[in-house]
Amino acid sequence: MGGARPAIMLANPDARSTLTRALAGRYAEIALGHVRREYPNKLDHTMAGPADARTPEALHPIFYGSYDWHSCVHAYWMLARLMRRFPDLTAGAGIRALFDEQFVVDKVSAECAYLAAPTARGFERPYGWAWLLKLAAELNLHATTRWSVALAPLAELFVRRFRDFLPLATYPVRFGAHLNTAFALRLAADYAENAEDGALSALLRDTCHRWYGGDADCRAWGEPSGDDFLSPALIEAECMRRLLPPHEFAPWFDRFLPNLGRGEPANLFRPAIVADRTDGKIAHLDGLNLSRAWCWRSIAASLPTDDSRRVEVEEAAERHLEASLAHIADDYMGAHWLPTFATLALAADL
């Protein structure tokens, strides 16, 4: 591959970094410490008049913490996921109490009412939309049904927004931050499958064909940029892996990254350097390393076991994890969201 890299032998899958109960407990405690921390707060909020000047909790009685709305949503997803993955988690009682207090009809109704305002048409599109559906899909898998039932009206509103928006979206958004459309399709696909929503699944699949089906010989010249927490190249590949049947994905992937076996594009195999973790934008690069690891692992699992590219891809995932896993709580600019991306990267069945 381009440039020197550490020798990491992953012939034994047990050697890979994994989501342990201890890590899950740590991530849960971090999230419990900020999902109801109202400030600092970065609102996605348009005011039509003086009456719209309200506090984050007044605007969003569930998702007012964690610095911003979407980070709060995916922190709730992570808590739900960790509790289901580790039923004996020490933080489980606190998570259940939080969900019982927050996922109730009146608070969900207020979140829905916010979306009814004409000024909220583009609210959290598409990143927050996708994470809310990912949360709803996770809650649907829990034995306790009251949380998913309460959240269902909000999930349905975002399903409608996807249905209305995707046919109008002539072009995808390819850069590596919140507006990236491949990431949104990827997460929404999990909800569509979970909810057995065939119409939404078909829309997502048709959209990924329309936006990305003809892409080939990806060079990833612009990666990474200083604001990325997603790899435009790898999240596109992961989106296509998730939405296409294997017999369609394999030839598409071979065309999209034809030089993968030679370690090219080399910049996709090298972790990003994070110079200042107190700077929220630079701290995005830790998220880039974690989301790349998630994508690399998912792609590796889709390759035949005897595919020579598989070891290279698995090694790339491990290098990216090693670069950022130890730093997810260094500063609140990362701690309010990076554990979610670590969970995505470490849990192979997501």
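Residues numbered from 1 in each chain as written. Predicted model: local features only at pLDDT ≥ 70, side-chain atom pairs only at ≥ 80, totals over all residues. Heavy atoms only, no water.

Engineer: How do you make sense of the nonpolar core when you look at a structure like this?
Structural biologist: What tends to happen in soluble globular proteins is that the nonpolar side chains get buried as a cluster. Counting 112 residues, the largest nonpolar core has Phe63, Tyr76, Phe99, Phe103, Leu132, Leu135 and Leu151 as the members making the most contacts within it. At 11 residues, the largest contribution of residues to this core is made by helix 3 (residues 69-85). Setting aside residues up to four positions removed in sequence, Phe63 forms contacts with Trp69, Cys72, Val73, Tyr76, Phe103, Glu111, Leu132, Leu135, Leu151 and Leu154. (Core = buried A, V, L, I, M, F, W, Y, C linked by side-chain atoms within 4.5 Å. Buried < 20%, exposed > 50% of the residue type's maximum accessible area, 1.4 Å probe, protein only. Helix = DSSP H or I, 4+ residues; strand = E, 2+ residues; numbered from the N terminus. Contact = heavy atoms within 4.5 Å.)

Engineer: Explanation requested: the pattern of salt bridges in the structure shown.
Structural biologist: Two side chains bearing opposite charge may form a pair once their charged atoms approach each other closely. A complete count under the given rule lists 23 salt bridges for this structure. For the salt bridge of Glu314 with Arg310, the shortest nitrogen-to-oxygen distance reads 3.4 Å. Placement of the pair is Glu314 and Arg310 together in helix 13 (residues 309-324), with a separation of four residues, close to one helical turn. In this structure Arg310 comes out as buried when scored by relative accessible area, which is 18%. Through salt bridges with shared partners, one network takes in Lys134, Arg186, Asp190, Glu193, Glu238, Arg241 and Arg242. (Salt bridge = Lys/Arg side-chain N within 4 Å of Asp/Glu carboxyl O.)

Engineer: Looking at this structure, I do not really get the state of the cysteines. What am I missing?
Structural biologist: Overall, the coordinates contain zero disulfides when judged by the stated rule. The cysteine Cys208 is free of any disulfide, with Cys239 supplying the nearest cysteine sulfur at 5.2 Å. (Disulfide = S-S within 2.5 Å.)

Engineer: Looking at this structure, I do not really get unusual backbone geometry. What am I missing?
Structural biologist: In most cases, non-glycine residues show a negative phi, while peptide bonds are predominantly trans. The omega torsion across Arg125 and Pro126 is -5 degrees, close enough to zero to call that bond cis. Along the chain, Pro126 falls in the loop between helix 5 (105-116) and helix 6 (127-140). Cis rather than trans, the peptide bond between Glu264 and Pro265 has omega equal to 0 degrees. If you trace the backbone, Pro265 turns up in the loop between helix 11 (246-256) and helix 12 (284-302). Positioned with a positive phi, Ala220 is a non-glycine residue whose angle comes to about 55 degrees. Residue placement: Ala220 occurs in the loop between helix 9 (198-212) and helix 10 (232-243). Assessed through its relative accessible area of 9%, Ala220 is described here as buried.

Engineer: Would you mind going over the packing of helix 3 against helix 4 (residues 92-102) with me for this structure?
Structural biologist: Helices that pack against each other are described as a pair by the angle of their axes relative to one another and the distance between those axes. Look at helix 3 against helix 4: their axes get within 10 Å of each other, and the N-to-C directions meet at 130 degrees. Accordingly, the angle class assigned to the pair helix 3 and helix 4 is oblique. Classified by chirality, the crossing of helix 4 by helix 3 is left-handed. Here Tyr76, Leu79, Ala80 and Met83 of helix 3 come into contact with helix 4, specifically with Gly92, Ile95, Arg96, Leu98, Phe99 and Gln102. (Axes fitted to C-alpha atoms, helices over the stretch in contact; angles between N-to-C directions. Parallel < 35°, antiparallel > 145°, perpendicular 65-115°, else oblique. Left-handed = near helix turned anticlockwise from the far one by under 90°.)

Engineer: Is there a simple way to think about the packing of helix 1 (residues 21-32) against helix 15 (residues 338-346) in this case?
Structural biologist: Two elements in contact, helix 1 and helix 15, have axes whose closest approach is 10 Å; the angle formed by their N-to-C orientations is 155 degrees. Our classification of the angle between helix 1 and helix 15 gives roughly antiparallel. Handedness of the helix 1/helix 15 crossing: left-handed. The segment helix 1 lies against helix 15, with Leu23, Tyr27 and Ile30 engaging Pro339, Ala342, Thr343 and Leu346. The residue inventory of the contact of helix 1 with helix 15, partitioned by class, reads six nonpolar, one polar and no charged. (Nonpolar A, V, L, I, M, F, W, Y, C, P; charged D, E, K, R; others polar.)

Engineer: How should I be thinking about empty space enclosed by the protein in this particular structure?
Structural biologist: Space left empty within the atom packing is revealed by a probe, the size of a water molecule, rolled over the atoms. In total, this model carries two cavities of 30 Å³ or more according to the counting rule given. Looking at the largest cavity, its volume works out to about 70 Å³. For the largest cavity, the lining is made up of 14 residues, of which Asn41, Leu43, His60, Phe63 and Trp69 are closest to its centre. A breakdown of the residues in the lining of the largest cavity according to their chemical character gives six nonpolar, four polar and four charged. By volume, the second largest cavity amounts to about 30 Å³. Lining the second largest cavity we find Ile30, Ala31, His34, Ala75, Met78, Ala335, His336, Trp337, Pro339 and Thr340. Elements that contribute at least two residues to the lining of the second largest cavity include exactly helix 1, helix 3 and helix 15. (1 Å grid on protein atoms, 1.4 Å probe; cavity = no way out; pocket = protein on both sides within 12 Å on 5 of 7 lines; lining within 4 Å. Points joined across faces, edges and corners; volume = space filled by probe spheres on them.)

Engineer: How should I be thinking about helix 5 in this particular structure?
Structural biologist: Structurally, the α-helix is built with 3.6 residues per turn, so residues lying three or four positions apart point the same way. An ideal rise of 1.5 Å per residue puts 16 Å on 12 residues; helix 5 measures up with 17 Å between its terminal C-alpha atoms. Along helix 5, the residues that are buried comprise Lys107, Val108, Glu111, Cys112, Tyr114 and Leu115. Viewed along the axis of helix 5, the buried residues span an arc of 150 degrees, placing them on a single side of the element. Exposed side of helix 5, more than 90 degrees from the buried face: Val105, Asp106 and Ala116 are the residues found there. At its buried positions, helix 5 is contacted by helix 2 (56-59), helix 3, helix 4 and helix 7 (146-165). (Expected span 1.5 Å × (residues − 1). Arc of directions from axis to C-beta.)

Engineer: What is the right way to look at the packing of aromatic side chains in this model?
Structural biologist: Geometry of an aromatic ring pair is reported as the spacing of the ring centres plus the angle between the planes. A full pass over the atoms with the stated rule returns 27 aromatic pairs. Arranged with centres 5.1 Å apart and planes meeting at 65 degrees, the rings of Tyr114 and Phe123 form a pair that is edge-to-face. Each member of the pair Tyr114 and Phe123 is classed as buried. An aromatic cluster is defined as three or more aromatic residues linked by ring pairs; in this entry it consists of Phe63, Trp69, Tyr76, Phe99, Phe103, Tyr114, Phe123, Trp129, Trp147, Phe158, Phe162 and Phe165. Above the plane of the ring of Tyr332 lies Arg37, whose end atom (NZ or CZ) is 3.9 Å from the centre. (Phe/Tyr/Trp six-rings, centres within 6.5 Å; stacked < 30°, edge-to-face > 60°. Lys NZ or Arg CZ within 6 Å of the ring centre and 35° of its normal.)

Don't take any of this as a statement about function, it's just geometry.
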